[in-house]
Amino acid sequence: MEAIVNTDFKLPGQTGKYVGKVRDVYDIEGKYLVMVVTDRISAFDVVLPKGIPYKGQVLNRIAAKFLDATKDILPNWKIAVPDPSVTIGYKCEPFRVEMVIRGYLAGHAWREYKAGKRELCGVKLPDGMVENQRFPEPIITPTSKAIEGHDEDVTRDDIISSGLVGKEDYAKLEEYTRAIFARGTEIAAKQGLLLVDTKYEFGKKDGQIYLMDEVHTPDSSRYFYSDGYEERLAKGEHQKQLSKEFVREWLMAGGFQGQAGQKVPEMTPEVVNSITDRYIELFEHITGDKFQKTEYTAGSIEKNVLDCLSTLK
């Protein structure tokens, strides 16, 4: 399969298009959004030079499943999934923060901790922790949502005092974040997984807070296998995990961390195929469903979108 790394649809009622690191988002009359999850892949806030076949389908289908599984907690933006790589939903006014929640000391949090920091986004971290150790309670470490470049760690007080989010709304965002994370943790446990950390994006529509974007995908979340977790932790070994961290580790091993002057290692066909295989593995372990490869082209995706839009008022 040829990876779909960009789209150039001309949709009825289209009033704008936003191209993110991974998603092409079409604005339809300021009322709906058509989110095409392309096969682009990013790490360290850099889009890598080659796409990963089926990656868009994997991410979109996982997100759709978890949006459905959490809609009793709060409403979400999803209306329909007309194509395995597309979600059509309501346009909301986004909050300019990402709600990051962490159940374990891993990834960015561990790198900060290892560097000697004992406070992250205003949250005090206890001394004596080791990599991948579970926190006594999940911690929320939000970031400001950058339009371009890197998202920045930010404290609860900074968010409120700067006016990024009002005090009452922010309290609701924290409440929803903890509830969705708890639900994701329960679902992961049934699959023999630990939901390590994740991020959520929220917006408002008609005065109501909505959950937006992707939920509990390997691009936005980190999972460990629960089997053997305690033994590996006790021995100081790396955890067996399901996340995009394996891509970051491959890049770091090749001397790339998104800094100026660094070059992305060569993405050979073998590397690309191995990343596709890992994403399909992620899908099957996270959802418990068998991944069905659906052949696709930009043209077939656009046709499915047009058919769906014709049914919306």
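Residues numbered from 1 in each chain as written. Predicted model: local features only at pLDDT ≥ 70, side-chain atom pairs only at ≥ 80, totals over all residues. Heavy atoms only, no water.

Participant: Talk me through the overall build of the protein; I want residue IDs and the actual numbers.
Facilitator: Counting its secondary structure elements, the protein contains eight helices and 18 strands. Computed over the C-alpha atoms, the radius of gyration of the protein is 19 Å, within 12% of the 20 Å expected from 2.2 N^0.38 for a compact globule of 313 residues. Relative to its 313 residues, the protein shows a buried fraction of 50%. In the protein, the share of contacts with a sequence separation of at least 24, taken over all contacts with a separation of at least 6, comes to 64%. Accessible surface, the protein: about 14700 Å² in total, of which carbon and sulfur atoms supply 49%. Across the protein, the mean location of the 43 positive side-chain charges is 1 Å away from that of the 49 negative side-chain charges. (Helix = DSSP H or I, 4+ residues; strand = E, 2+ residues; numbered from the N terminus. Rg over C-alpha atoms; globule rule 2.2 N^0.38 Å. Buried < 20%, exposed > 50% of the residue type's maximum accessible area, 1.4 Å probe, protein only. Contact = heavy atoms within 4.5 Å. Areas by Shrake-Rupley, 256 points an atom, 1.4 Å probe, with all protein chains shown as cover. Lys, Arg positive; Asp, Glu negative; His and termini not counted. Charge placed at Lys NZ, Arg CZ, Asp CG, Glu CD.)

Participant: Go over the sheet that holds strand β1 (residues 14-19) with me, naming the residues and quoting the values.
Facilitator: Across the sheet, five strands lie side by side as β1-β2-β3-β7-β6; this open sheet has antiparallel pairing. In this open sheet, the two edge strands, each paired with only one partner strand, are β1 and β6 (78-83). Neighbour to neighbour, the strand axes of the sheet diverge by 20° on average, direction disregarded. Here strand β3 (residues 32-37) runs beside strand β7 (residues 86-90); their pairing, made up of five bridges, is antiparallel. Paired with methionine 35 across the two strands is threonine 87, which belongs to β7. Taken strand by strand, helix α1 (residues 55-69) contacts β2 (23-28), β3, β6 and β7, and its axis lies near 150° from that of β6. On top of the sheet, helix α8 (residues 298-309) reaches β2, β3, β6 and β7; it is set at about 140° to β6, its chief contact. (Pairing = 2+ DSSP bridges. Axes fitted to C-alpha atoms, helices over the stretch in contact; angles between N-to-C directions.)

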